[in-house]
Amino acid sequence: MSESMRAMRLHAPGRPLELERVARPAPGPGEVEVRVLACGVCRTDLHVLDGELTEPSLPLVLGHEIVGEVAALGEGVQGPAPGTRVGVPWLGWTCGECEPCRAGRENLCERAEFTGYTRDGGYAEYCVADARYCFPLDVEDAQAAAPLLCAGLIGYRTWRLAGGETNRRLGIYGFGAAAHILAQLAVARGQAVYAFTRPGDTQAQAFARRLGAVWAGGSDEAPPERLDAALLFAPVGELVPTALAAVRPGGAVVSGGIHMSDIPSFPYRLLWEERRLSSVANLTRRDGEEFLALAPQVPIRTETRAYPLEQANQALDDLREGRLSGAAVLIP
């Protein structure tokens, strides 16, 4: 068994990742070692790379949409057993002791650790993960499953906090990895999906219609009907007042991103009439358990483009420039 592995590592914000051979990680108490089969490329990775998330543990292996197989168990771990296929998400560890944890809101843990940000992630051949935060996966196609671990989970939490299937007309701003997964769930639940893309992105609009959207247009356009809720996955603060203007009285606007550009000032009348504006932070294990059980029932089909591990910088650049329909996935 090799004692080293290949990994794409970040040494400083704003610099490209570097392909390096580093020591293969050993699982500590409560951890498992995971052989990475596939790792999705998420917009949050761009925020870390660009320094918009300001507290990474450097040097760092990015990546938090990990599908792999358990290779070894750390001290005190009874399972998942070696050979088990698992998913490793963004939320990597919580204390279980702070007020949010005790209140069942572990996504807001005051000492939380995050995969691919404060813990090394999956842009590598192996990683270690807290066994409590590994989701058993009954999937054959690791590449197809990888985007479910963040784009799917955060999309699901955003949808649920906006009211879930109680909304008849659902607007989705930013039709990327999360949106293309969530749209399938919404359509399966009988919701009318209105997709908003970068202005002029006719390819993304056609993609949205192919997934069942009843309408697709630019984010600079108004939908033909008032929305019950709007979900924001584009990290563009200017879309907040736009989305508020598009929802009906009593409607909800929920931002699913971890980082967004500044929100411009807007007139109170856009928020008035009991419209709600909120954000989503991270995920809980309950979100993962619910969504990963729901995904094969829909069934959700992800659209992915595979890149070898050493092309991680290209995958990130393609995501940044909007050259993807669906999600990029690294294959070690």
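What you see as residue numbers is a count from 1 along each chain, following the sequence as written. Only residues with pLDDT of 70 or above have their local features reported here, since the model is predicted, and side-chain atom pairs are shown and tallied only from 80 upward, although totals for entire chains, interfaces and linings are computed over all residues. To obtain the side-chain values, all non-hydrogen atoms of the structure were used and water was disregarded.

**A word on the overall build of the protein**
Which entries qualify depends on this criterion: Helix and strand labels come from DSSP, where a helix needs a run of H or I of at least four residues and a strand needs a run of E of at least two; each type is numbered from the N terminus. Throughout, the radius of gyration refers to the C-alpha atoms, and the reference size of a globule is 2.2 Å times the residue count to the power 0.38. The buried label goes to any residue with under 20% of its type's maximum accessible area, the exposed label to any with over 50%, and the partly exposed label to all in between, with areas taken from a 1.4 Å probe on protein chains only. Any two residues whose heavy atoms approach within 4.5 Å at even a single point are treated as in contact. Note that accessible areas follow from Shrake-Rupley with a 1.4 Å probe, and for residues the cover is restricted to the protein chains shown. Here Asp and Glu are counted as negative and Lys and Arg as positive; His is not counted, and neither are the chain ends. Lysine's charge is taken at NZ, arginine's at CZ, aspartate's at CG and glutamate's at CD.
Helix and strand counts for the protein stand at nine helices and 18 strands. Taken against the 2.2 N^0.38 rule, which gives 20 Å for 332 residues, the C-alpha radius of gyration of the protein at 19 Å falls within 12% of a compact globule. Summarising its shape, the C-alpha atoms of the protein cover approximately 60 × 40 × 40 Å along the three principal directions. Out of the 332 residues belonging to the protein, those deemed buried represent 55%. Nonlocal contacts in the protein, meaning residues at least 24 apart in sequence, comprise 67% of its contacts between residues at least 6 apart. In the structure as shown, the protein presents an accessible area of about 14,200 Å², 48% of it carried by carbon and sulfur atoms. In the protein, which carries 32 positive and 41 negative side-chain charges, the distance between the mean positions of the two groups comes to 5 Å.

**Some remarks on the pattern of salt bridges**
To keep things clear, this is the line we draw: Criterion for a salt bridge: a side-chain nitrogen of Lys or Arg within 4 Å of a carboxyl oxygen of Asp or Glu.
For the structure on display, the rule yields 24 salt bridges. Linking E69 and R35 is a salt bridge whose minimum nitrogen-to-oxygen distance equals 3.1 Å. Of this pair, E69 sits in strand β5 (residues 65-73) while R35 sits in strand β3 (residues 31-41), placing them 34 residues apart in sequence. Classification of R35 by relative accessible area gives partly exposed; the value is 34%. In this structure, D228 and R248 form a salt bridge, with 2.6 Å as the shortest nitrogen-oxygen distance. With D228 in strand β14 (residues 227-232) and R248 in strand β15 (residues 247-255), this pair connects stretches of sequence that are 20 residues apart. Salt bridges linked by common partners bring R305, D317, D318 and R323 together as one network.

**Digging into the sheet that holds β15**
For clarity, the cut-off: Pairing between strands requires that DSSP locate at least two bridges from one strand to the other. Under this scheme, a helix contributes an axis fitted over its contacting stretch, all axes are lines through C-alpha atoms, and angles between N-to-C directions fall in the 0 to 180 degree range.
With parallel pairing, the six strands of this open sheet are ordered in space as β13-β12-β11-β14-β15-β16. A single partner strand is all that each edge strand has here, and the edge strands are β13 (215-218) and β16 (276-279). Averaged over all neighbouring strand pairs, the angle between strand axes comes to 15 degrees, with direction disregarded. As judged from the four bridges shared by β15 and β16, these two strands associate in the parallel manner. Paired with V253 across the bridge in β16 is L277. Where helix α6 (residues 202-210) meets the sheet, it contacts β12 (192-197) and β13, and its direction lies at approximately 165 degrees from that of β13.

**Here's the deal with empty space enclosed by the protein**
Which parts of space are left empty comes out when a probe the size of a water molecule is rolled across the atoms. The criterion, for reference: Every definition here rests on a 1 Å grid over the protein atoms only: cavities are sets of points where a 1.4 Å probe fits but cannot get out, pockets are open sets enclosed by protein on both sides within 12 Å along at least five of seven lines, and lining residues have some atom within 4 Å of a point. Grid points are joined across faces, edges and corners, and a volume is the space filled by probe spheres set on the points. Throughout this entry, Asp, Glu, Lys and Arg are counted as charged residues, while Ala, Val, Leu, Ile, Met, Phe, Trp, Tyr, Cys and Pro are counted as nonpolar. The remaining residues, Gly among them, count as polar.
Within the structure shown, the criterion is met by one cavity of 30 Å³ or more. A volume near 60 Å³ is recorded for the largest cavity. Forming the boundary of the largest cavity are I66, V88, L91, G92, T115, R119, D120, C127, V128, A129, D130 and Y133. For the lining of the largest cavity, the secondary structure elements donating two or more residues are β7 (91-93) and β9 (126-130). It is β9 that contributes the most residues to the lining of the largest cavity, four residues altogether. In terms of residue class, the lining of the largest cavity is built from seven nonpolar, two polar and three charged.

**Quick look at the layout of surface pockets**
The computed volume of the largest pocket comes to approximately 1,000 Å³. Those elements that provide at least two residues to the lining of the largest pocket are α1 (43-49), α4 (151-161), α5 (177-188), β12, α6 and α9 (312-320). Estimated volume of the second largest pocket: approximately 310 Å³. Lining the second largest pocket are 16 residues; nearest its centre among them are V139, A145, L148, P296 and I300. Looking at the lining of the second largest pocket, its residues break down into eleven nonpolar, one polar and four charged.

**Side note on the nonpolar core**
Nonpolar side chains in soluble globular proteins tend to be buried together. Note the threshold: As used here, the term nonpolar core means buried Ala, Val, Leu, Ile, Met, Phe, Trp, Tyr and Cys residues forming a set that is joined through side-chain atoms within 4.5 Å.
One finds L17, V41, Y123, F175, L231, F291 and L330 to be the most contacted residues of the largest nonpolar core, which totals 97 residues. Core analysis: the second largest hydrophobic core is formed by 18 residues, Y194, L244, A246 and V253 among them.

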